[in-house]
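# Architecture and fold: a report
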Amino acid sequence: MPFSFHTHSGQFCRHASGDLEDVVRAAISKGMLVLGLSEHLPRARTQDLYPEESDMTPADLHKVFGEYVAEARRLREKYAGQIEILIGAETEYITSTCLSLAKQLRQEHALDYLVGSLHHIDEMPLDFSVALYDQLVTHFNGDRAAMFCRYFDQQLELLQELHPEVIGHFDLVRIFHPYALGVADPLELMPEVRRRASRNIDYAISYGALFEINSRAWKKGLRDAYPQRDLLAEILEKGGRVTISDDSHGAQDVCMHYDRLLAYLRELGVHDLHYLHRTGDGVVQTLVLARATEHGFWKGFCK
């Protein structure tokens with residue numbers, strides 16, 4: 001029954017494709033029994049809109065988010081006999097207003113869960129493109145360690161304020177790091193960076209978060225899924241609970257690279273996976289799928 005709690009659709013996210021219902025249908029066809037929907041929370045400032053949103057306003061984003069929740073509820077009812085759907089959202093943290101807005105919208109829409117993700121550092125986009133990533137490096141005067149430290153400091157602020165049930169792509173700051181050019185990885189060589197990552201791991205474990213193992217990292221050319229093996233090993237050693245996500249941006253991405261994900265789980269010694277379950281009275285629980293890598297789900301598309 002493996003699952004994903006990090007999904008997007010072109011219907012409600014301009015850099016994704018297709019309709020949300022297509023994502024649900026694809027998940028059913030792949031044999032998933034639990035699917036978390038997690039469109040982005042709206043951003044509050046015009047300057048934070050992405051190029052593909054040039055014809056929109058922050059008010060438009062708020063309207064679209066409400067439409068997403070309504071459609072997700074319709075799909076949950078329509079496909080109730082075929083798949084369990086949880087309705088969540090992926091966070092933004094650009095300024096403190098984003099955190100306040102996340103709390104407000106979570107309550108207003110009675111969201112089942114949050115994916116706690118950081119896509120900006122010092123109000124600058126982190127993962128939109130290599131060019132903007134390089135601008136961030138320039139912002140830190142080429143000091144990649146300082147940039148990584150700031151990422152993990154802001155991530156901690158997000159975790160402390162929102163306590164998201166799922167932590168999205170924990171080490172996203174690595175997304176466009178120039179490994180191919182032999183540039184040292186600050187997480188591997190700079191103690192001050194690793195201490196911050198370890199601190200965040202400890203904090204997330206303390207309140208019971210799930211760390212997603214996110215297979216989309218392979219689409220970006222990274223060696224491993226997020227989090228990379230050094231951090232995943234630490235999470236597991238400390239007793240952290242993990243789940244899996246494809247971070248799909250359309251039906252074509254559902255279970256993307258789950259064949260590689262299975263091998264990664266086995267290589268890192270991951271036996272149990274955790275997942276969210278919504279009871280009949282709307283309470284969200286965390287359950288465990290023991291011996292998850294032996295589940296029959298993988299036989300459909302993994303060797």
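Residues numbered from 1 in each chain as written. Predicted model: local features only at pLDDT ≥ 70, side-chain atom pairs only at ≥ 80, totals over all residues. Heavy atoms only, no water.

### Comments concerning the side chain of glutamine 154
Within the secondary structure, glutamine 154 sits in helix α5 (residues 144–162). Those residues in contact with glutamine 154 that lie beyond four places of it in its chain are Tyr93, Leu118, His120, Ile121 and Asp122. (Helix = DSSP H or I, 4+ residues; strand = E, 2+ residues; numbered from the N terminus. Contact = heavy atoms within 4.5 Å.)

### Some points on the pairing of strand β11 (residues 273–278)
Strand direction decides the pairing type here: β11 and strand β12 (residues 284–289), joined by six bridges, are antiparallel. From the neighbouring strand, histidine 277 faces β12, where its bridge partner is glutamine 285. The hairpin turn running from β11 into β12, its antiparallel successor, is five residues long, and glycine 282 in that turn takes a positive phi close to 85 degrees. (Pairing = 2+ DSSP bridges.)

### Here's the deal with the packing of helix α1 (residues 20–29) against helix α2 (residues 58–78)
In a pair of packed helices, the angle between the axes and the distance between the axes together describe the arrangement. The N-to-C vectors of α1 and α2 enclose an angle of 35 degrees; their axes lie 10 Å apart at closest approach. α1 and α2 meet at a crossing whose hand is right-handed. Mapping the contact onto sequence places Leu20, Glu21, Val24 and Arg25 in α1 and Tyr68, Glu71, Ala72, Arg74, Leu75 and Lys78 in α2. Along the lines of polarity and charge, the residues of the contact of α1 with α2 split into five nonpolar, no polar and five charged. (Axes fitted to C-alpha atoms, helices over the stretch in contact; angles between N-to-C directions. Left-handed = near helix turned anticlockwise from the far one by under 90°. Nonpolar A, V, L, I, M, F, W, Y, C, P; charged D, E, K, R; others polar.)

### Some details on the pattern of salt bridges
In total, this model carries 29 salt bridges according to the counting rule given. Arginine 45 is the partner of aspartate 48 in a salt bridge, and the nearest nitrogen-oxygen pair spans 2.7 Å. Classification of aspartate 48 as buried rests on a relative accessible area of 7%. We classify arginine 45 as partly exposed; its relative accessible area is 23%. For arginine 194, the salt bridge identified is with aspartate 230, shortest N-O distance 3.6 Å. Here arginine 194 is found in helix α7 (residues 191–207), whereas its partner aspartate 230 is found in helix α8 (residues 229–237), with 36 residues between them in sequence. The exposure class of arginine 194 is partly exposed, given its relative accessible area of 23%. (Salt bridge = Lys/Arg side-chain N within 4 Å of Asp/Glu carboxyl O. Buried < 20%, exposed > 50% of the residue type's maximum accessible area, 1.4 Å probe, protein only.)

### Section: the sheet that holds strand β4 (residues 113–116)
Pairing in this open sheet of six strands is parallel, and the strands run β2-β3-β4-β7-β8-β9 from one edge to the other. The open sheet has two edge strands, β2 (34–37) and β9 (241–245), and neither has a second partner. Direction of pairing for strand β8 (residues 210–214) relative to β9: parallel, over a ladder of five bridges. Bridging from a neighbouring strand, glutamate 212 pairs with threonine 243 of β9.

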